[in-house]
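# A closer look at the structure
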Amino acid sequence: MAEFEFYAVRPEDSPREMQEVNNLLADRQLEVDTRVEVFVLCRAGERLIACGGLDQNVIKCVAIAQDFSGESLSLRLGSEIIALASQRGRFHLFLYSAPHNRDLLRGWGFYPLVEVPGLVVLMENSPIALQAYCESLRLRREAGRRIGSVVLNANPFTLGHHFLVKHAAAECDWLHVFVVKEDASEFSYADRFALVAQGVTGIDRLTVHQGSDYIISRATFPSYFLKERKVVDHGWAGIDLLLFREYIAPALGITHRYVGTEPLDVVTNMYNTDMKYWLHDAPSGAAAIAVVEVPRVSINGDPISASAVRTLLAKGDLAEIKKLVPEITLRFLEKKYAGARPVGAGVS
Amino acid sequence: MTITKQAIAGTLESSDLLVKVAPGNEGKLDIVIHSEVIKQFGKQIRRVVTETLAKLGISEGTVVVEDKGALDYAIRARVQAAVLRGSGPDDLNWEQL
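Now for a quick tour of the structure. In this text the structure is predicted, and so the values were computed from the model without any measurement.

Rules used throughout
- Residues numbered from 1 in each chain as written.
- Chains lettered and ligands numbered in written order.
- Predicted model: local features only at pLDDT ≥ 70, side-chain atom pairs only at ≥ 80, totals over all residues.
- Heavy atoms only, no water.
- Pairing = 2+ DSSP bridges.
- Helix = DSSP H or I, 4+ residues; strand = E, 2+ residues; numbered from the N terminus.
- Axes fitted to C-alpha atoms, helices over the stretch in contact; angles between N-to-C directions.
- 1 Å grid on protein atoms, 1.4 Å probe; cavity = no way out; pocket = protein on both sides within 12 Å on 5 of 7 lines; lining within 4 Å.
- Points joined across faces, edges and corners; volume = space filled by probe spheres on them.
- Nonpolar A, V, L, I, M, F, W, Y, C, P; charged D, E, K, R; others polar.
- Contact = heavy atoms within 4.5 Å.
- Expected span 1.5 Å × (residues − 1).
- Bend = angle between axes of the 7 residues up to and from the residue.
- Buried < 20%, exposed > 50% of the residue type's maximum accessible area, 1.4 Å probe, protein only.
- Buried area = accessible area lost by both parts, 1.4 Å probe.
- Salt bridge = Lys/Arg side-chain N within 4 Å of Asp/Glu carboxyl O.
- Parallel < 35°, antiparallel > 145°, perpendicular 65-115°, else oblique.
- Left-handed = near helix turned anticlockwise from the far one by under 90°.

### Structural notes on the sheet that holds strand β12 (residues 290-294) of chain A
Residues and elements named next belong to chain A. A sheet is described by the order of its strands in space; here five strands give the open sequence β10-β9-β8-β11-β12, paired in parallel fashion. Since the sheet does not close on itself, it has two edges, and those belong to β10 (206-209) and β12, each with one partner. Strand-to-strand twist in this sheet, taken as the mean axis angle between neighbours without regard to direction, amounts to 25 degrees. Bridge analysis of strand β11 (residues 256-260) against β12 gives five bridges, and the strand direction is parallel. Residue pairing across strands places G260 opposite V294, the latter belonging to β12.

Here is the structure:
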């Protein structure tokens, strides 16, 4: 019987082994993902025969050499990766795989959530977690014929976000606002959530929801948080959007999703296009959700965006920021950056 | 004993099982069992899991079992290990086990 050796390696520690990983993945029509923090490798003698990567709580880049593809090696690889994740404090796991490996990976205790046909399937290591999340959403259902939704990163909350929420709420019987939970942005989730929650007071008939692993997270939409690097994983946006359409929207009875037009940011603009396809046009067992694009508010001809605010903030130009953000955000920025940066004249 | 944090024990290999535990809410104890032999031994596996949890005094939490055809003593050991890892060792009473 062949002796298998399993061990973990961080990509930056061993470029030579990463070349082997590249080759193994390429043999299985996969690419290495630069966000993987650590790989589990398996060797039979000298030869690399299996690998699997971990990007925080997401397993990806799983491959087994063709001549070793049997269930028992797969299950050992799965055990090793799950054990490694648990050592790193990660228990709630997601997994990306090519759809043809779906059944093999069911053996790892992962359950399919959504699939972009022919491209990728997202799985989760719990048969009940998403269901439990949807049940918690169901408790916050509101009656009405037109139930809107908005998903905001609000990094930070601007007058543009405020306008979008106000516009959407006015058109709907109820509006559900979600704040992206992933702490991968300039401003922390706690700060972003507080700004949205306070920023929308005074707008009637809406609920501000905590974000979750299932809405624009590292798990559902890995490339979203890389957009500064202009990486676009076109088809993959389908994962995030199908989760929304098939699980989240039905739980809350959502019929419409509102989004700002995106004249500035290529990735987000692509996401808007994808949104219309996956939420509305794509074949799915779930009802179609209408996507409403709301023209972005402009100041002096420039559309308001959170990234513009961040650019100004880097320059310490609070006077200019004042035109782009509501009072609540301005006060937050002044407080956060008090002393460190020049504050606009006349602001006490 | 109370499950206060997430934990796992076991492997996915043949004749073993992987047990995942997580803290619960509102006094609910959710036990989910998946097994390749669920048709033949599903009831038996559930009985062993339930009894082991009861002996440990667990009445709240989520317990997910991925069984690969393990025998009773393996099931008992893996469930105990996962619960102990997930509850902190402070109030461990070996007599109960």
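### Digging into the layout of surface pockets
Residue and element names in this part refer to chain A. Here the largest pocket is characterised by a volume of approximately 1,000 Å³. In terms of residue count, helix α4 (residues 129-138) provides more of the lining of the largest pocket than any other element does, six residues in total. Residue composition of the lining of the largest pocket, grouped by class: 14 nonpolar, 15 polar and 11 charged.

### Considerations on the sheet that holds strand β6 (residues 111-116) of chain A
All names here are of chain A. As summarised here, the arrangement of the seven strands in space is β1-β2-β3-β4-β5-β7-β6, forming an open sheet in which the pairing is mixed. Sheet topology places β1 (4-9) and β6 at the edges, where each strand pairs with a single neighbour. Along the sheet, successive strands turn relative to each other by an average axial angle of 20 degrees, direction set aside. Both strand β5 (residues 94-97) and strand β7 (residues 120-124) contribute to a ladder of four bridges, which runs antiparallel. Bridge assignment links Y96 to a residue of β7, and that residue is L122. Sitting on the sheet, helix α7 (residues 237-252) touches β5, β6 and β7, and the angle it makes with β6 is about 115 degrees.

### Observations concerning α7 of chain A
All names here are of chain A. If you check α7, its first and last C-alpha atoms are 21 Å apart, about what 16 residues at 1.5 Å a residue would give, namely 22 Å. Of all the bends in α7, the largest measures some 35 degrees and sits at R245. Among the 16 residues that make up α7, 13 are buried, leaving the element largely enclosed by the rest of the structure. Residue G253 follows α7 closely and has a positive phi angle near 70 degrees.

### Points about the interface of chain A and chain B
When the parts of a complex come together, some accessible area is lost, and that lost area is often used as the size of the interface. If you look at the interface, chain A gives 18 residues, while chain B gives 16 residues. Each partner contributes to the roughly 1,300 Å² buried at the junction of chain A and chain B, and carbon and sulfur atoms together form 62% of this total. Taken as a group, S79, F91 and I128 of chain A account for 34% of the area that chain A buries against chain B, more than any other trio of residues on that side. Remark: the boundary between chain A and chain B carries zero salt bridges.

### Section: the packing of helix α1 (residues 38-55) of chain B against helix α2 (residues 72-87) of chain B
The relative placement of two packed helices is expressed as an angle between their axes plus a distance between the axes. Residues and elements named next belong to chain B. Where α1 contacts α2, the two axes come as close as 9 Å, and the packing angle between them is 40 degrees. As summarised for this structure, α1 and α2 are arranged oblique, according to the angle between their axes. Between α1 and α2 lies a crossing whose hand is right-handed. Facing Q44, I45, V48, V49, T52 and L53 of α1, the residues of α2 in contact are D72, I75, R76, V79, Q80 and V83. Across the contact of α1 with α2, the residue classes tally to seven nonpolar, three polar and two charged.

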